[in-house]
Amino acid sequence: MRVPQVPATIAAQLRVVDGFAQDERPGIVERLGSLDTQLAAHPAAVTDLELSIKDRGRPGQKVTLECWIAGQTRVVATSSRQQLSGALTEVRDEVRRQLSDA
């Protein structure tokens, strides 16, 4: 008998690094949560997501969301928006688009 694979989710796969505090993670997971629809098609064991920010709060701020799924090309989305909520929405929507296109 084959054991069913656990689907990937933002809450389980997302690593928040470089420029974000761990106490921000719950709000970030909520903001990016609509990606779960696309991620659910992939096993958690072979899916990884990482969110980072460079130059936070300064001109040139850059938010990056990367997604690795085994056997697929890495998906990368970036945003230069100064407002963090807008930047998170932009990278979420771009990753969603790229996963749908893949």
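Residues numbered from 1 in each chain as written. Predicted model: local features only at pLDDT ≥ 70, side-chain atom pairs only at ≥ 80, totals over all residues. Heavy atoms only, no water.

Visitor: Quick one: what's the story with the environment of K54, residue by residue and with numbers?
Guide: Looking at the secondary structure, you find K54 in strand β2 (residues 47–54). Of the residues examined, K54 reaches a relative accessible area of 57% and is grouped as exposed. On a C-alpha basis, the gap between K54 and V17 in space is 10 Å, while along the polypeptide they are 37 residues apart. Sequence-distant contacts of K54, that is, excluding residues within four places in its chain, are made with G60, Q61 and K62. (Helix = DSSP H or I, 4+ residues; strand = E, 2+ residues; numbered from the N terminus. Buried < 20%, exposed > 50% of the residue type's maximum accessible area, 1.4 Å probe, protein only. Contact = heavy atoms within 4.5 Å.)

Visitor: Residue-level account of unusual backbone geometry, with values.
Guide: Here D18, not a glycine, exhibits a phi torsion of approximately 30°, which is positive. Its relative accessible area of 57% is what places D18 among the exposed residues. The backbone of D55 sits at a positive phi, close to 55°, despite the residue not being glycine.

Visitor: Can you break down the nonpolar core residue by residue, with the values?
Guide: Note that soluble globular proteins tend to have their nonpolar side chains buried in a common cluster. With 24 residues, the main nonpolar core has L14 and L65 as its most contacted residues. Of all elements in the fold, only β1 (14–16), α2 (25–32), β2, β3 (62–69), β4 (75–79) and α4 (84–101) reach the threshold of two or more residues within this core. If you tally residues by element for this core, the top one is α4, at five residues. Among residues more than four places away in sequence, those in contact with L14 are T9, R25, I28, V29, L32, L49, E50, L51 and L65. (Core = buried A, V, L, I, M, F, W, Y, C linked by side-chain atoms within 4.5 Å.)

Visitor: Go over the pairing of β3 with me, naming the residues and quoting the values.
Guide: Within β3, six of the eight residues are buried, which leaves the element mostly enclosed by the surrounding structure. Direction of pairing for β3 relative to β4: antiparallel, over a ladder of five bridges. Note on β4: the bridge partner recorded for E66 is V76. Connecting the antiparallel pair β3 and β4 is a turn made up of five residues, with G71 showing a positive phi of about 85°. (Pairing = 2+ DSSP bridges.)

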